[in-house]
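This is what each chain is made of:
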Amino acid sequence: APAGSLPHGEDVRALDLVTGDLEDTALAAAPTDIDLTPTGDQLLAVLRSTRSLALIPVPEGLGDASAVETIDCSPLQVGSAVITSTGDQAILFTNATNEKALTLVDLATGEKRTAPLRKGVRWLALSPDGRAALVLHSKVPGDPSPWDDFDTALDKRYGFSLVDLDTLFVKLALTDADPGAFAFSPDGEKAFLIVADPAAGLRTVATLDLDNFMVSETTVGSHPVGIGAVVGTGRIYVSQDHALGRISFIDVETGQLRTVTGFQLNGQIIE
């Protein structure tokens, strides 16, 4: 296998972790994202400049340019990919431009489907069961004004969308602050998203029902900075910026909020 630096920016290089051998596979353009399917039998390379997706069978296709299958995604711009947990679909998007769509590719058949969006994409995450996608939207500079047309005003707002990957139904939710950290419940039925702005006194955690796409809000006592699932308890924790230490727990089923304050102060007790 060839060694040294990559001869071309359009290559993707595989390293054998046992032997140290290198294998270069030529692509039609420089990849902007590469991913392996969960089973490790296929490598995906997103080629932004050619608006396409390259599929390489692993390991037999490594080093063989003729084994690369290319799927044309034009006219949509694509630059990044997220693969479903089952490995049967890839969701392609870009956050380099204000492209307002997702491209779903069936990795077995190459079939493509498009989910139109109302705003550009900043990041995308899939629910644990792969049924829904949470899209955090980008915001163009500036604030909406009365002289803006509807789409321009929308571009200047914060927001997120929920996407049903089966029907491609999309629900957009606009927010008063930039959506931040998020967590999915272990059963994949709900997502919890921090929407907070300390300057405005906004301390919201949004609960997103991934079955019916209903959105509800919970306000915590201090500015939320972190969120995650407490495995085996049916609760989501929300850590907060507080001088004495503060953490809240949201019951996934009931939405009940319980808060513990002062654990950092208590941690300083020696005797």
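Scroll up to find the structure this text is about.
Structural notes, computed from the coordinates. The model shown is predicted, which means the values in this text are computed figures rather than measured ones.

Now for unusual backbone geometry. Note: most peptide bonds trans; most residues except glycine with negative phi. Following Val58, the chain continues to Pro59 via a peptide bond in cis, the omega torsion being 5°. Non-glycine residue Arg51 carries a positive phi angle of around 50°. You can see Arg51 is positioned in the loop between strand 4 (42-47) and strand 5 (52-57). For Phe213, which is not glycine, the phi dihedral falls at a positive 65°. Mapped onto the elements, Phe213 comes out in the loop between strand 17 (202-209) and strand 18 (215-219). Judged by its relative accessible area of 4%, Phe213 is buried.

Let's shift gears to the nonpolar core. Counting 16 residues, the largest nonpolar core has Leu134, Phe160, Leu162, Phe184, Leu193, Leu208 and Leu210 as the members making the most contacts within it. Sorting the residues of this core by element identifies strand 12 (132-137), strand 13 (158-164), strand 16 (190-197) and strand 17 as the ones contributing at least two each. Once residues lying within four places of it in the same chain are set aside, the contact partners of Phe184 are Ala125, Leu126, Ser127, Pro128, Leu134, Lys190, Ala191, Leu210, Ala229 and Ile236. Judged by nonpolar contacts, the second largest core, of 15 residues, contains Ala115, Leu117, Val163 and Leu168.

Reported here for the largest pocket is a volume of approximately 170 Å³. Every residue lining the largest pocket is listed: Phe160, Ala173, Leu174, Thr175, Asp176, Val195, Leu202, Thr204, Ala206, Val215 and Glu217. Only strand 14 (170-175), strand 17 and strand 18 provide two or more residues apiece to the lining of the largest pocket. Looking at the lining of the largest pocket, its residues break down into seven nonpolar, two polar and two charged.

With respect to the helices and strands, Pro198 occurs in the loop between strand 16 and strand 17. With 82 residues separating them along the chain, Pro198 and Pro116 place their C-alpha atoms 33 Å apart.

Let us now look at the packing of aromatic side chains. Applying the stated rule across the entire model yields three aromatic pairs. Ring centres 5.7 Å apart and planes at 85° place the aromatic pair Phe93 and Trp123 in the edge-to-face group. One end of the pair, Phe93, is in strand 8 (residues 89-93); the other, Trp123, is in strand 11 (residues 121-126), and 30 residues separate them in sequence. With relative accessibility at 41%, the residue Trp123 sits in the partly exposed group. Over the ring of Tyr158 we find Lys139, and its NZ or CZ is 5.5 Å from the ring centre.

Our next topic: the pattern of salt bridges. One pass over the structure, following the stated rule, counts seven salt bridges. Salt-bridge contacts for Asp24 lead to Arg13; the nearest nitrogen and oxygen are separated by 2.6 Å. Pair noted here: Asp24 is in strand 2 (residues 22-26) and Arg13 is in strand 1 (residues 11-15), with a separation of 11 residues, a long-range link. What makes Asp24 buried here is its relative accessible area of 12%. With a closest N to O distance of 2.7 Å, Arg131 and Asp129 form a salt bridge. What makes Arg131 partly exposed here is its relative accessible area of 37%. Look at Asp129 and you get partly exposed, because its relative accessible area is 32%.

Strand order in the open sheet formed by four strands is 19-20-21-22, and the pairing between neighbours is antiparallel. Each edge of the sheet is formed by a strand with only one pairing partner; in this case those strands are strand 19 (223-230) and strand 22 (257-261). Shown here is a sheet whose adjacent strand axes are inclined to one another by a mean of 20°, direction ignored.

The subject of this paragraph is the sheet that holds strand 8. Here four strands make up an open sheet; going across it, the order is 7-8-9-10 and the pairing antiparallel. Because the sheet does not close on itself, it has two edges, and the strands there are strand 7 (80-83) and strand 10 (112-116). Here the strands of the sheet are splayed against their neighbours by 25° on average, with no regard to which way each runs. Here strand 7 pairs with strand 8 via four bridges, running antiparallel. Bridge pairing links Val82 to Ile91 in strand 8.

The buried count for strand 4 comes to six of six residues, which makes it a mostly enclosed element. The alternating pattern of strand 4 places Gln42, Leu44 and Val46 and Leu43, Ala45 and Leu47 on opposite faces, both of which are buried. One ladder, built from four bridges, connects strand 3 (residues 33-36) with strand 4; its direction is antiparallel. The residue of strand 4 that forms the bridge with Asp35 is Leu44. The turn linking strand 3 back onto strand 4 is made up of five residues, and Gly40 within it adopts a positive phi angle of 75°. Here strand 4 runs beside strand 5; their pairing, made up of six bridges, is antiparallel. Across the sheet, Leu47 pairs through a bridge with Ser52, a residue of strand 5.

Cut-offs applied
- Residues numbered from 1 in each chain as written.
- Predicted model: local features only at pLDDT ≥ 70, side-chain atom pairs only at ≥ 80, totals over all residues.
- Heavy atoms only, no water.
- Helix = DSSP H or I, 4+ residues; strand = E, 2+ residues; numbered from the N terminus.
- Buried < 20%, exposed > 50% of the residue type's maximum accessible area, 1.4 Å probe, protein only.
- Core = buried A, V, L, I, M, F, W, Y, C linked by side-chain atoms within 4.5 Å.
- Contact = heavy atoms within 4.5 Å.
- 1 Å grid on protein atoms, 1.4 Å probe; cavity = no way out; pocket = protein on both sides within 12 Å on 5 of 7 lines; lining within 4 Å.
- Points joined across faces, edges and corners; volume = space filled by probe spheres on them.
- Nonpolar A, V, L, I, M, F, W, Y, C, P; charged D, E, K, R; others polar.
- Phe/Tyr/Trp six-rings, centres within 6.5 Å; stacked < 30°, edge-to-face > 60°.
- Lys NZ or Arg CZ within 6 Å of the ring centre and 35° of its normal.
- Salt bridge = Lys/Arg side-chain N within 4 Å of Asp/Glu carboxyl O.
- Pairing = 2+ DSSP bridges.
- Axes fitted to C-alpha atoms, helices over the stretch in contact; angles between N-to-C directions.

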